[in-house]
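Residue-level listing of the chains:
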Amino acid sequence: MSVEDAFHYLESMAPDAGIQIQNIRLRELVYADDICLMASSHEHLQALIDALSSYCAVLQMEVSVLKTKMMVVSPVPAPAVAF
């Protein structure tokens, strides 16, 4: 399985998730063993996290909750979201 397989899996499991930049939907950025998931809502982010977790389970891997961080970027202040 490859990074390309992971892209296709995330796309199939959470097709509406990601951020739209002109005509491109961007769901993830990958560098080495790090991945940055991007979503326009916390529901879409959760869908991506769930999809990534299930994909990792197939590979007998897991997402490290202790190393996981979240950042909200918004042109207007957003209310706090508890996870």
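What you see is a predicted model; the values in this text were computed from it and never measured. (Residues numbered from 1 in each chain as written. Predicted model: local features only at pLDDT ≥ 70, side-chain atom pairs only at ≥ 80, totals over all residues. Heavy atoms only, no water.)

Topic: the pairing of strand β4 (residues 34-37)
Part 1: Pairing geometry for strand β3 (residues 28-31) and β4, over four bridges, is antiparallel. Within β4, the position partnered with V30 by the bridge is I35.
Part 2: Here β3 folds back onto β4 in antiparallel fashion, the turn holding two residues, of which A32 has a positive phi close to 55°. (Pairing = 2+ DSSP bridges. Helix = DSSP H or I, 4+ residues; strand = E, 2+ residues; numbered from the N terminus.)

Remarks on the packing of helix α1 (residues 3-13) against helix α2 (residues 42-58)
Part 1: At a closest axis distance of 9 Å, the pairing of α1 and α2 adopts a crossing angle of 135°. One element, α1, and the other, α2, form an angle in the oblique class. α2 is crossed by α1, and the crossing has right-handed handedness. Counting all contacts with α1, which are made through D5, A6, Y9, L10 and M13, the residues of α2 involved are L48, A51, L52, S54 and Y55. (Axes fitted to C-alpha atoms, helices over the stretch in contact; angles between N-to-C directions. Parallel < 35°, antiparallel > 145°, perpendicular 65-115°, else oblique. Left-handed = near helix turned anticlockwise from the far one by under 90°. Contact = heavy atoms within 4.5 Å.)

Describing the nonpolar core
Part 1: By size, the foremost hydrophobic cluster in this structure holds nine residues: L10, A14, A17, L37, L45, L48, A51, L52 and C56.
Part 2: In terms of residue count, α2 provides more of this core than any other element does, five residues in total.
Part 3: The residues touching A14, leaving out its near neighbours within four places in the chain, are R27, A47 and L48. (Core = buried A, V, L, I, M, F, W, Y, C linked by side-chain atoms within 4.5 Å. Buried < 20%, exposed > 50% of the residue type's maximum accessible area, 1.4 Å probe, protein only.)

Here we look at the side chain of R27
Part 1: As for its placement among the helices and strands, R27 is situated in the loop between β2 (24-26) and β3.
Part 2: The side chain of R27 sits in the buried core without any salt bridge; E11 is the nearest counter-charge, 4.3 Å away.
Part 3: Of note is the side chain of R27, whose polar atom sits 3.4 Å from the backbone oxygen of A17.
Part 4: In contact with R27, other than residues within four places in its own chain, are L10, E11, A14, P15, A17, G18, C36, L37, M38 and L48. (Lys, Arg positive; Asp, Glu negative; His and termini not counted. Salt bridge = Lys/Arg side-chain N within 4 Å of Asp/Glu carboxyl O. Polar contact = N/O pair within 3.5 Å; in protein donor to acceptor, adjacent residues only side chain to side chain.)

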